[in-house]
Amino acid sequence: MSDFEIRTLDPGEHRAASNLFRASLHVPPSDDTDWEHASRVFQPGGTIGAFDPDLIGTARSFDAELTVPGGARRPMAGVTGVAVRADRTRRGVLRAMMAAQLEDFAGRGVVFASLLASEAPIYGRFGYGLATRYRTYSVDRHRARLHPDAPATGEVQLLELDEALKVLPGVYDSLPRRPGAMSRPEVLWRLYEGQARRNPQPVKAAVHHGPDGPDGFATYFVDGLQAHPWTKSLHLVDLFPGTPAAFAGLWRFLLGIDLVDRIVAEARPLDEPIELILADHRRSTVERIGDEHWVRLVDVPAALAAREYGTAAPVVVEVADPLLPGNSGRYRITAGGAERTGEPAGLRLDVTTLAMVHFGTWRPSALADAGRIEVRDPEAAANADVLFGTRVAAWSGTHF
C-alpha cells in the first residue's frame, strides 16, 4: 500500500487539496463562497499531492523571508495545508511528502521552512523544532490604567477594513522585526482578508503615528452580548508596535474603547512588557503559554552563518540530519560567526534540536539536561547558552 505518486498540483486540483485538508480537520468542504476566498491563497506551483491513484495527501507552501537573531533575513518556505486522507494514514505518505518538499526547498536555495503544528509529536521527525513560543493574556479594561511614566507621544488613526487592507501591508513591511518574525507575502494578506470578511463581527484597525509616520498597528474585533449588561470582549488579531511609544499608544487607545470589559491578547511574545506599562500589573492575567512556529533549518551552514552570536568561548557542535545529509557535520560557533570544521565536537545534537536553539528560545544547557543534546565538553553547554542567547524573545506573530 506504499505505491503512490507525488507531484505538483495544477490550479484545477487546488480545491480538491483544500477539501482534503479541511476533512482532516473535520471541517465540511468549501462552498463556492468559501472557495472564492480560499483559492486566492495558493502560490502557483506551491502545492503537492500524493496520488494512489486518487488524491490521498497534500501539502502546500509559499515563499517568504525569516528574520534571524541580529536582524538578517533569509529565504524561507511557509508550510501549511498538510493532510493525509484518513484511510491512508501511517503508510509513509506524510514522510514522502515532507521529504519531497525539503528536497524542493533545498534545490531552490531556501534556508528555512516554518509551520504551525496541529499536533506536537508530528514534525520533529522531519527536522522541525519548536523555535518560537507565545503567551496569551487578558487585560481588565475597566480597572487597567497605564503607568504615568508610560510613553505618551503619537496619535492613533482608526481604519475600517477596506482601508486597512490597503495601508497595513506597507506599515508591516516598515517595522523592525524580532528573531523568528517573517515577511508577509501577498498570499498571506489575501488569507487575512478572507478571514476578516468572514468574521461575524467587524474587524477594525488602529494605526499609530509617531514623529516619522506610521510606526505600529493593531487589528481587533469585539464580540459578546448585544443587550444589557453588554458584557463584551475585545480580541486582538494583530498587534505590531515598532517602538515603545507605539506599544503604549496602541494600548492607551484599546483601553479607551467603551462597552468593552476584557481585552484578550492572543499569542503574544513571551517578554511583551504589558505588565510594565500598567499602573497595576495584576490587571493583566496570563491565560496560557503555547507553541508558535516550528522551524526547519533546510540549509544548516547558511542558517548558522546568517545570525549573530553572543560573546563567549567558541563551541563546536556536531549536527545530524538524516533527511538532508549534506547538513550533517561539525560547525565551529564563535562570536564572529559559524563555519564548518574538523575539530572535535563539544556538543552533539540533531537538526530538530538545533532549530530549537537557533532562535534563542531554548537554552542549550536546558536541552542538555533534558537529554536532547549530548555534551562532550563540560564547558560547551554554558558557552553555547551565551552564543545562542538573544536580547528579546523570538516570536513571529504571523499565522497561516
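Looking at an unreviewed UniProt entry, the protein carries the name GNAT family N-acetyltransferase, with the source organism given as Amycolatopsis mongoliensis. Its UniProt record gives the protein a comment under Sequence similarities (unreviewed entry), which states: "Belongs to the acetyltransferase Eis family." Per UniProt, the protein carries the Subunit (unreviewed entry) text "Homohexamer; trimer of dimers."

Enquirer: Would you explain the overall build of the protein in this entry?
Expert: For the protein, the helix and strand inventory stands at 11 helices and 19 strands. For 400 residues, the compact-globule estimate of 2.2 N^0.38 gives 21 Å, and the protein sits close to it at 23 Å. If one aligns the C-alpha atoms of the protein with their principal axes, the spans along those axes are about 65 × 55 × 35 Å. Per-residue burial over the protein gives 51% buried out of 400 residues. Once local pairs closer than 6 in sequence are excluded, the contacts in the protein between residues at least 24 apart make up 74%. Carbon and sulfur atoms make up 52% of the accessible area of the protein, which totals about 18,200 Å². Between the mean site of the 44 positive side-chain charges and the mean site of the 51 negative ones, the protein shows a separation of 3 Å.

Enquirer: Mind showing me how you'd approach the sheet that holds strand E15 (residues 315-320) here?
Expert: Backbone-to-backbone hydrogen bonds pair the strands of a sheet. The strands run either parallel or antiparallel. Here five strands make up an open sheet; going across it, the order is E17-E16-E15-E18-E19 and the pairing mixed. Two strands bound the open sheet, and with one partner strand each, they are strand E17 (337-340) and strand E19 (374-375). Packing of helix H9 (residues 351-358) onto the sheet brings it into contact with E15 and strand E18 (347-350), and relative to E18 it is tilted by some 105 degrees. The sheet strands contacting helix H11 (residues 380-388) are E15, strand E16 (329-334) and E18, and the helix crosses E15 at an angle near 90 degrees.

Enquirer: Would you mind going over the UniProt feature "domain: N-acetyltransferase" (unreviewed entry) in the protein with me for this structure?
Expert: If you check UniProt for "domain: N-acetyltransferase" (unreviewed entry), the listed places come out as residues 4-151 in our numbering. Overall, residues 4-151 shows 22% helix and 33% strand. The separation of its end C-alpha atoms is 60 Å.

Enquirer: Could you clarify how one ought to interpret the pattern of salt bridges in this entry?
Expert: As a working rule, side chains carrying opposite charge can pair if their charged atoms are close by. Under the criterion given, the structure shown has 28 salt bridges. Among the salt bridges present, the one from Arg40 reaches Glu193, with a minimum N-O distance of 3.6 Å. In this pair, Arg40 is assigned in the loop between helix H2 (32-38) and strand E2 (47-51) and Glu193 in helix H5 (residues 186-198), connecting sequence segments 153 residues apart. Judged by its relative accessible area of 34%, Arg40 is partly exposed. Among the ionic pairs, Glu160 bridges to Lys204, the shortest N-O distance being 3.1 Å. In this pair, Glu160 is assigned in the loop between strand E8 (155-159) and helix H4 (161-174) and Lys204 in strand E9 (residues 204-210), connecting sequence segments 44 residues apart.

Enquirer: Explain the sheet that holds strand E10 (residues 213-224) here, please?
Expert: Spatial ordering of the open sheet is given by E8-E9-E10-E11-E12-E7-E13, a layout of seven strands whose pairing is mixed. Single-partner strands in this sheet number two, and they are E8 and strand E13 (284-291). When the angles between neighbouring strand axes are averaged without regard to direction, this sheet yields 25 degrees. Taken together, the seven bridges between strand E7 (residues 133-140) and E13 define a ladder with antiparallel strand orientation. Its bridge partner being in E13, Thr136 is matched across the sheet by Arg288. Of the strands in this sheet, E8, E9, E10 and strand E11 (232-241) touch H4, which is tilted by about 135 degrees from E10. Each of E7, E8, E9, E10, E11 and strand E12 (262-268) touches helix H6 (residues 244-255); the most contacted strand, E11, lies at about 165 degrees to it.

Enquirer: Help me out: how do you make sense of the UniProt feature "active site" (unreviewed entry) in the protein in this one?
Expert: In the numbering used here, UniProt assigns the feature "active site" (unreviewed entry) to Tyr123 and Phe400. Positionally, Tyr123 belongs in the loop between strand E5 (112-115) and strand E6 (128-130). Setting aside anything within four residues of it in sequence, one finds Tyr123 in contact with Val82, Met98, Leu115, Ala117 and Tyr128. For Phe400, a relative accessible area of 17% puts it in the buried group. Residues within four places of Phe400 in sequence aside, it is in contact with Phe62, Gly78, Val79, Thr80, Ser114, Leu115, Leu116, Met182, Leu188, Leu191 and His293.

Enquirer: Please explain H5 as it appears in this structure.
Expert: Structural remark: α-helix, 3.6 residues per turn; residues separated by three or four positions point the same way. With 13 residues, H5 extends 19 Å from end C-alpha to end C-alpha; this agrees with the ideal 18 Å at 1.5 Å per step. Burial in H5 covers these residues: Val187, Leu188, Trp189, Leu191, Tyr192, Glu193, Gly194 and Ala196. Looking at the buried side of H5, the elements it contacts are H2, strand E3 (55-67) and H4.

Enquirer: Got a minute to help me understand the packing of H4 against H5 in this structure?
Expert: Working note: a packed helix pair is described by the angle between its axes plus the distance between those axes. Taken N-terminus to C-terminus, the directions of H4 and H5 make an angle of 150 degrees; their axes are 11 Å apart at the nearest point. Judged by the angle between their axes, H4 and H5 are roughly antiparallel. The way H4 lies across H5 gives a crossing that is right-handed. Contacts between H4 and H5 pair Leu161, Asp162, Leu165, Leu168, Pro169 and Tyr172 from the former with Trp189, Glu193, Ala196 and Arg197 from the latter. Residue composition of the contact of H4 with H5, by class: seven nonpolar, no polar and three charged.

Enquirer: Would you mind going over unusual backbone geometry with me for this structure?
Expert: It is generally the case that most residues other than glycine have a negative phi and that most peptide bonds are trans. Going from Asp52 to Pro53, the amide bond is cis rather than trans, its omega being -15 degrees. With a phi angle near 60 degrees, Arg90 is a residue other than glycine that sits in the positive phi range. Here Arg90 shows up in the loop between strand E4 (73-84) and helix H3 (93-107).

Rules used in this analysis
- Residues numbered from 1 in each chain as written.
- Predicted model: local features only at pLDDT ≥ 70, side-chain atom pairs only at ≥ 80, totals over all residues.
- Heavy atoms only, no water.
- UniProt positions renumbered as here; feature names shortened; annotations may be inferred.
- Helix = DSSP H or I, 4+ residues; strand = E, 2+ residues; numbered from the N terminus.
- Rg over C-alpha atoms; globule rule 2.2 N^0.38 Å.
- Buried < 20%, exposed > 50% of the residue type's maximum accessible area, 1.4 Å probe, protein only.
- Contact = heavy atoms within 4.5 Å.
- Areas by Shrake-Rupley, 256 points an atom, 1.4 Å probe, with all protein chains shown as cover.
- Lys, Arg positive; Asp, Glu negative; His and termini not counted.
- Charge placed at Lys NZ, Arg CZ, Asp CG, Glu CD.
- Pairing = 2+ DSSP bridges.
- Axes fitted to C-alpha atoms, helices over the stretch in contact; angles between N-to-C directions.
- Salt bridge = Lys/Arg side-chain N within 4 Å of Asp/Glu carboxyl O.
- Expected span 1.5 Å × (residues − 1).
- Parallel < 35°, antiparallel > 145°, perpendicular 65-115°, else oblique.
- Left-handed = near helix turned anticlockwise from the far one by under 90°.
- Nonpolar A, V, L, I, M, F, W, Y, C, P; charged D, E, K, R; others polar.

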